[in-house]
Amino acid sequence: MTQNKRSRVNWRGYLPAITTPFKDDLSLDEARLGLLLEWLHGEGMHGLVLAGTTGEWTSMSKMERARLFEKTGEQMRGKLPLIAGCSSFTAQESIEFSAVAKSAGFDGILLTPPPYVRPNADEIVDFYTTVGAATELPICVYNWPPGTGIDMPLSLLERLADIDAVVAIKQSTPDFSRFAETFFALKDKVRVFGFPMNELGLTMLSVHDGDGTMGAGGVLGRAQTGFYDNLWAGDLEAARACGLKDRVLMREWYTPDLIGRFGSGPAILKAALNARGLPGGRVRPPLRDVTDLHREQIATTLKELGMI
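Being a predicted model, the structure only gives us computed values, none of them experimental.

Outline the pattern of salt bridges, listing residues and values.
Tallied over the full model, the rule gives 20 salt bridges. Across the pair Arg 284 and Glu 64 runs a salt bridge, and its minimum N-O distance is 2.6 Å. Of this pair, Arg 284 sits in the loop between α11 (265-275) and α12 (292-304) while Glu 64 sits in helix α2 (residues 62-76); the two residues are 220 residues apart in sequence, bridging distant segments of the chain. Between Asp 122 and Arg 159 there is a salt bridge; the shortest N-O distance is 3.0 Å. Pair noted here: Asp 122 is in helix α4 (residues 121-134) and Arg 159 is in helix α6 (residues 154-161), with a separation of 37 residues, a long-range link. Judged by relative accessible area, Arg 159 falls into the partly exposed class, the value being 37%.

Set out below in structure tokens:
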């Protein structure tokens, strides 16, 4: 096993976990998906994550998720890194989704531990080992406590980082100290994502050469990619200005535990896209679209940020 697996992938910067557009009848809207992908690419995204938490994978059939990967690959393969959300309840399902993603031209997969059943540490290692042995794509481990009920400790993440197929960790714990602990322990072996776009994140990224951020749907466009673009160009003040906009969004729309204040994360981000005249659409049950009052609050935030 190669100790430093970072060089196997070129993932860095801002890679939004994007929403999945649905039609009014709640079927997959391939036309609006295409428009959303083009807008995100035009806004300079450094990669895209499909069928993650924000992408509502939990309400899509296997055929729909496969179609989502196929259509995205047809349009975006080779233009920027594509990461397929392959989370599921079983290793076999995740392996099957990974095969579809590979065929569609994706560059890697994002994978949480199986939700709901709360597997223990050994079972989680078995799960990732099984998927890693069968997939041709590199794996980004996704620690997502609000969705899995498990906040994986460093001791477990270290074991997962030793799996040859694992090249990255999306550390989405709400506990920043645990994020920092993960980053400093594993940054020389795998890529670590989850940096906040604030002064702490900026310092860690600039001094310790951190990797990036996955999440938030990319609804602010270049205000989010600009945090990294300006950082890499050496313009820290411009990076701070971009990061401030992202921090307003996170503060106004989410709790410190990363739970949506007005409903689910997908519902909030789709309302934001709709307010900007972009392909947002509706969420699928059991999720609900945000209320009219909350739509107004979301639009007010966007106006204050100069987005609409």
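Residue-level account of the nonpolar core, with values.
Counting 88 residues, the largest nonpolar core has Phe 69, Tyr 128, Leu 160 and Trp 253 as the members making the most contacts within it. Setting aside its immediate chain neighbours within four residues, Trp 253 contacts Val 219, Ile 259, Gly 260, Arg 261, Phe 262, Ile 268, Leu 269, Ala 272, Ile 298, Thr 301 and Leu 302. In this structure, Val 9, Trp 11, Leu 15 and Ile 83 belong to the second largest nonpolar core, which totals 14 residues.

Residue-level account of the packing of aromatic side chains, with values.
Under the defined criterion, the tally for this structure stands at 9 aromatic pairs. Relative to Trp 144, the ring of Tyr 142 has its centre 5.9 Å away and its plane inclined at 25°; by these criteria the two rings are stacked. The two residues Tyr 142 and Trp 144 agree in class, both being buried. Pairing Phe 227 with Tyr 228 gives two aromatic rings, centres 5.1 Å apart and planes at 85°, and the pair type is edge-to-face. Phe 227 gets classed as buried once you look at its relative accessible area, which sits at 1%. Here the aromatic residues Phe 176, Phe 179, Phe 183, Phe 184 and Phe 195 are joined through ring pairs into a cluster of three or more. The ring of Trp 232 has Arg 12 sitting right over it, with the charged end atom 3.9 Å from the ring centre.

For the pairing of strand β5 (residues 139-143), give the residues involved together with the corresponding values.
Taken across its 5 residues, β5 has 5 buried, putting it largely inside the fold. Covered by surrounding structure in β5 are Ile 139, Val 141 and Asn 143 together with Cys 140 and Tyr 142, the residues of both alternating faces. Here strand β4 (residues 108-111) runs beside β5; their pairing, made up of 3 bridges, is parallel. The partner of Leu 110 across the bridge, within β5, is Cys 140. Running through α4, the crossover from β4 to the neighbouring parallel element β5 is right-handed. One ladder, built from 5 bridges, connects β5 with strand β6 (residues 166-171); its direction is parallel. Among the inter-strand pairings, Ile 139 is bridged to a residue of β6, identified as Val 166.

Can you break down helix α10 (residues 236-253) residue by residue, with the values?
Between its first and last C-alpha atoms α10 spans 25 Å; for 18 residues at 1.5 Å apiece the expected length is 26 Å, and the two agree. Restricting attention to buried positions, one finds in α10 the residues Ala 239, Cys 242, Gly 243, Asp 246, Val 248, Leu 249, Met 250 and Trp 253. On the buried face of α10, the contacting elements are α8 (199-208), α9 (222-233), α11 and α12.

Lay out the environment of Gln 92 in plain terms, naming residues and giving numbers.
As for its position among the elements, Gln 92 is in helix α3 (residues 91-104). Sequence separation of Gln 92 and Ala 134 is 42 residues, and the distance between their C-alpha atoms is 9.1 Å.

Account for unusual backbone geometry, with residues named and values stated.
A cis geometry characterises the amide bond from Pro 285 onward to Pro 286, with omega recorded as 10°. If you trace the backbone, Pro 286 turns up in the loop between α11 and α12. A positive phi is found at Ala 51, a non-glycine position, where the angle reads about 60°. Here Ala 51 lies in the loop between β2 (48-50) and α2. Overall, the relative accessible area of 1% leaves Ala 51 in the buried class. Non-glycine residue Asp 209 carries a positive phi angle of around 55°.

How would you summarise the side chain of Thr 173 if you had to cite specific residues and measurements?
Within the secondary structure, Thr 173 is located in the loop between β6 and α7 (176-186). With relative accessibility at 8%, the residue Thr 173 sits in the buried group. At 2.8 Å, the side chain of Thr 173 and the side chain of Asp 151 are in polar contact. Engagement of the side chain of Thr 173 in a polar contact is seen with the backbone nitrogen of Asp 175, the distance being 3.1 Å.

An account of α4 is needed here, citing residue identities and associated values.
Taking 1.5 Å as the rise per residue, α4 with 14 residues should run 20 Å; its terminal C-alpha atoms sit 20 Å apart, in good agreement. Within the sequence span of α4, burial applies to Ile 124, Val 125, Phe 127, Tyr 128, Val 131 and Gly 132. For α4, the buried positions fall inside an angular range of 160° around the axis, keeping them on one side. Taken together, the buried residues of α4 touch α3, β4, β5 and α6. Capping the start of α4 is the job of one residue whose side-chain oxygen sits 3.2 Å from the backbone nitrogen of Asp 122: Asn 120.

Parameters at a glance
Residues numbered from 1 in each chain as written. Predicted model: local features only at pLDDT ≥ 70, side-chain atom pairs only at ≥ 80, totals over all residues. Heavy atoms only, no water. Salt bridge = Lys/Arg side-chain N within 4 Å of Asp/Glu carboxyl O. Helix = DSSP H or I, 4+ residues; strand = E, 2+ residues; numbered from the N terminus. Buried < 20%, exposed > 50% of the residue type's maximum accessible area, 1.4 Å probe, protein only. Core = buried A, V, L, I, M, F, W, Y, C linked by side-chain atoms within 4.5 Å. Contact = heavy atoms within 4.5 Å. Phe/Tyr/Trp six-rings, centres within 6.5 Å; stacked < 30°, edge-to-face > 60°. Lys NZ or Arg CZ within 6 Å of the ring centre and 35° of its normal. Pairing = 2+ DSSP bridges. Right-handed = clockwise from strand over helix to strand, strands pointing away. Expected span 1.5 Å × (residues − 1). Polar contact = N/O pair within 3.5 Å; in protein donor to acceptor, adjacent residues only side chain to side chain. Arc of directions from axis to C-beta.

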